[in-house]
Amino acid sequence: MKFRCTVKERSLILNNNEQEKRSAGEKAVDFIKDGMTVGLGTGSTVYWLIQKLGKRVSEGLKVKCIPTSIHTERLAMNLEIPIVTFNEIDKIDIAIDGADEVDKDLNVIKGGGGALVREKIIAEFADQFIVIVDQKKLSEQLGKHFLPVEVTPFGWQATAKYIANLGCQVKLREEDEKIFVSDNDNYILDCYFEKIEDAAKLNEKIKMITGVVDTGLFIDMVDLCIVGKGSDTEIIKKQ
Ligand SMILES: O=C(CO)[C@H](O)[C@H](O)COP(=O)(O)O
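Residue positions are given per chain, counting from 1 as you read along its sequence in written order. This being a predicted model, a pLDDT of at least 70 is required before a residue's local features are given, and a value of 80 or more before pairs of side-chain atoms are given or counted; all residues contribute to the totals for chains, interfaces and linings. Calculated side-chain values reflect all of the structure's heavy atoms, with hydrogen atoms and water omitted.

Notes on the overall build of the protein
Using the following cut-off: Helix numbering and strand numbering both begin at the N terminus, where a helix is a DSSP run of H or I of at least 4 residues and a strand a DSSP run of E of at least 2. What the globule rule says is 2.2 Å times the number of residues to the power 0.38, and the radius of gyration is computed from C-alpha atoms. Partly exposed describes any residue whose relative accessible area lies between the buried limit of under 20% and the exposed limit of over 50%, with all areas from a 1.4 Å probe on protein chains only and scaled to the type maximum. With residues, only the protein chains shown are counted as cover, and all accessible areas are computed by Shrake-Rupley using a 1.4 Å probe. All tallies of charge rest on Lys and Arg as positive and Asp and Glu as negative; His and the ends of each chain are not included. By convention, the charge on Lys lies at NZ, on Arg at CZ, on Asp at CG and on Glu at CD.
The helix and strand tally for the protein stands at 6 helices and 15 strands. Whereas a compact globule of 239 residues would reach a radius of gyration of roughly 18 Å, the protein reaches 18 Å, a difference of no more than 12%. Along the longest, intermediate and shortest principal axes, the C-alpha atoms of the protein span 55 × 50 × 40 Å. Relative to its 239 residues, the protein shows a buried fraction of 48%. Split by element, the accessible area of the protein, about 13,000 Å² in all, is 50% carbon and sulfur. The protein carries 33 positive and 39 negative side-chain charges, and their two centres are separated by 4 Å.

In structure tokens form, the structure reads like this:
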């Protein structure tokens with residue numbers, strides 16, 4: 001039997017979800033210390049992190065931030081958060097980002113916002129990588145969310161066929177009825193697997209395909225996950 005939500009119930013669910021994103025995003029600011037270089041992720045959960053960080057900066061916190069997308073860069077600049085590029089830094093102390101799905105070993109799927117390549121470069125380079133999510137993103141085994149893969153525009157059709165041969169449906173991402181173009185001028189293929197048995201192996205296989213820039217699978221990269229639980233949070237550390 002299917003249950004239908006009333007409009008009121010649906011709006012309560014949405015509000016709770018937004019509250020959890022806010023709780024997780026704001027909590028993450030506690031991990032940012034004076035003098036740090038911070039990788040700023042992308043998305044609606046990171047929005048709350050940026051708002052609170054902006055407030056802390058206006059109160060005197062000294063940080064340098066490297067954004068994972070043009071969108072995040074604009075948000076941060078509006079709040080007068082100092083922005084740097086890779087030319088100006090030799091390390092990133094901490095990177096904080098959202099995720100589309102997180103499994104029990106803190107492996108994640110990212111890229112729902114199409115920023116996965118810059119997000120991965122920054123997360124990999126950071127001394128500590130924290131993901132911030134609402135409870136709906138938690139999963140026993142990765143695969144509930146589609147897997148975004150960034151590919152070169154040239155020959156994307158061939159790249160898509162090779163990826164599909166690995167056992168998924170592939171859809172070229174569109175936005176407003178136009179092909180979505182990433183900040184790196186690439187395309188995103190959204191890959192729908194029924195189940196992901198071995199995420200690490202799948203990541204390797206997809207990355208071997210010429211034309212693939214990178215995948216949204218972040219394997220063994222997350223140090224800590226902050227989960228919004230209503231107006232509270234739970235912190236899950238990597239085992
Ligand atoms: O990977 C991402 C963008 O490329 C986002 O972090 C991910 O899609 C989660 O976004 P949100 O916090 O809006 O749910």
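Okay, back to it.
Details of the packing of aromatic side chains
For the record, the criterion: Side-chain rings of Phe, Tyr and Trp (the six-membered ring for Trp) are treated as a pair once their centres are within 6.5 Å; stacked means planes under 30 degrees apart, edge-to-face means over 60, and tilted covers the remaining angles. Consider the ring centre and the ring normal. A charge sits over the ring if Lys NZ or Arg CZ is within 6 Å of that centre and within 35 degrees of that normal.
Applying the stated criterion across every chain yields a total of 4 aromatic pairs. Their ring planes at 85° and their centres at 5.1 Å tell us that Tyr47 and Trp48 sit as a pair that is edge-to-face. We classify Tyr47 as partly exposed; its relative accessible area is 33%. Between the aromatic rings of Phe129 and Phe218, the centroid separation amounts to 6.2 Å while the plane-to-plane angle is 35°, which identifies the pairing as tilted. Taken together, the residues span a long stretch of sequence, with Phe129 in strand 6 (residues 126-134) and Phe218 in strand 13 (residues 217-218) at a distance of 89 residues. The pair formed by Phe129 and Phe218 is uniform in burial state, with each residue classed as buried. One Lys or Arg, Lys110, reaches over the ring of Phe218 and ends 5.8 Å from the middle of that ring.

Overview of the side chain of Glu150
Note the following rule: For this analysis, a salt bridge means a side-chain nitrogen from Lys or Arg found within 4 Å of a carboxyl oxygen belonging to Asp or Glu. The definition of a polar contact used here is a pair of N or O atoms within 3.5 Å, where within protein one atom must be able to donate a hydrogen and the other to accept one, and adjacent residues in sequence count solely through side-chain atom pairs. Whether two residues are in contact is decided by their heavy atoms, any of which lying within 4.5 Å being enough.
Its place among the elements puts Glu150 in strand 7 (residues 147-151). Buried within the structure, Glu150 lacks any salt-bridge partner; its nearest side chain of opposite charge belongs to Arg118, at an N-O separation of 7.2 Å. Separated by 3.0 Å, the side chains of Glu150 and Asn184 make a polar contact. Within the local environment of Glu150, its side chain forms a polar contact with the side chain of Asn186, the two groups lying 2.9 Å apart. With sequence-adjacent residues up to four places away left out, Glu150 is seen in contact with Gly114, Leu116, Val117, Ser182, Asn184, Asn186, Tyr187, Ile188, Gly211, Val212, Val213 and Asp214.

Structural notes on the pairing of strand 2 (residues 64-67)
Going by this rule: Whether two strands pair depends on DSSP finding at least two bridges between them. With its strands directed away from the observer, a crossover is right-handed exactly when the path from the first strand over the helix to the second travels clockwise.
When strand 1 (residues 37-40) meets strand 2, the two strands line up parallel, connected through 4 bridges. By the bridge assignment, Thr37 is partnered in strand 2 with Lys64. For the crossover that starts at strand 1, traverses helix 2 (residues 44-58) and ends in the parallel strand 2, the hand is right-handed.

Side note on the UniProt feature "active site" (unreviewed entry) in the protein
What counts, and what does not: UniProt positions are given in the numbering used here, feature names are shortened, and annotations may be inferred rather than shown by experiment.
UniProt annotation of "active site" (unreviewed entry) refers to Glu119 when read in the numbering used here. With respect to the helices and strands, the residue Glu119 is situated in helix 4 (residues 116-125). The residues contacting Glu119, other than those within four sequence positions of it, are Thr42, Thr68, Asp97, Lys110, Gly111 and Phe218.

Here we look at the domain arrangement of the protein
Note the following rule: Domain delimitation follows an automatic or database domain assignment. Buried area is a sum: the accessible area each of two parts loses on coming together, probed at 1.4 Å, counted once for each and added.
In terms of domain boundaries, the protein breaks down into domain 1 (7-139 + 219-230) and domain 2 (147-216). Taking only C-alpha atoms, the centre of domain 1 and the centre of domain 2 are 23 Å apart. Facing the 14 residues of domain 1 at the interface are 18 residues of domain 2. Taken together, both faces of the contact between domain 1 and domain 2 bury some 1,200 Å²; the carbon and sulfur share is 56%.

Side note on the site of the ligand
For clarity, the threshold we go by: Near residues are defined by distance, with any heavy atom within 4 Å of the molecule or strand qualifying the residue. Side-chain classes are defined by residue name, with Ala, Val, Leu, Ile, Met, Phe, Trp, Tyr, Cys and Pro counting as nonpolar, Asp, Glu, Lys and Arg as charged, and the others, Gly among them, as polar.
Inspection of the region around the ligand gives 17 residues, with Ser44, Thr45, Asp100, Gly111 and Lys137 positioned closest. A distance of 2.8 Å separates an oxygen atom of the ligand from a polar atom in the side chain of Lys110. One nitrogen or oxygen atom from the main chain of Ala115 is found 3.1 Å from an oxygen atom belonging to the ligand. For the ligand, whose unbound accessible area comes to 380 Å², protein coverage reaches 92%. Residue classes in the shell around the ligand are distributed as 2 nonpolar, 9 polar and 6 charged.

Details of helix 5 (residues 156-164)
Note the cut-off: The directions from the helix axis to the C-beta atoms form the arc being described.
Buried within helix 5 we find Thr159, Ala160 and Ile163. Within helix 5, the buried residues cover an arc of 100° as seen down the axis, which keeps them to one side. Among the exposed residues of helix 5, those oriented more than 90 degrees off its buried face are Lys161 and Tyr162. In this structure, the buried side of helix 5 is in contact with strand 7, strand 8 (168-172), strand 11 (187-193), helix 6 (199-207) and strand 12 (212-215).

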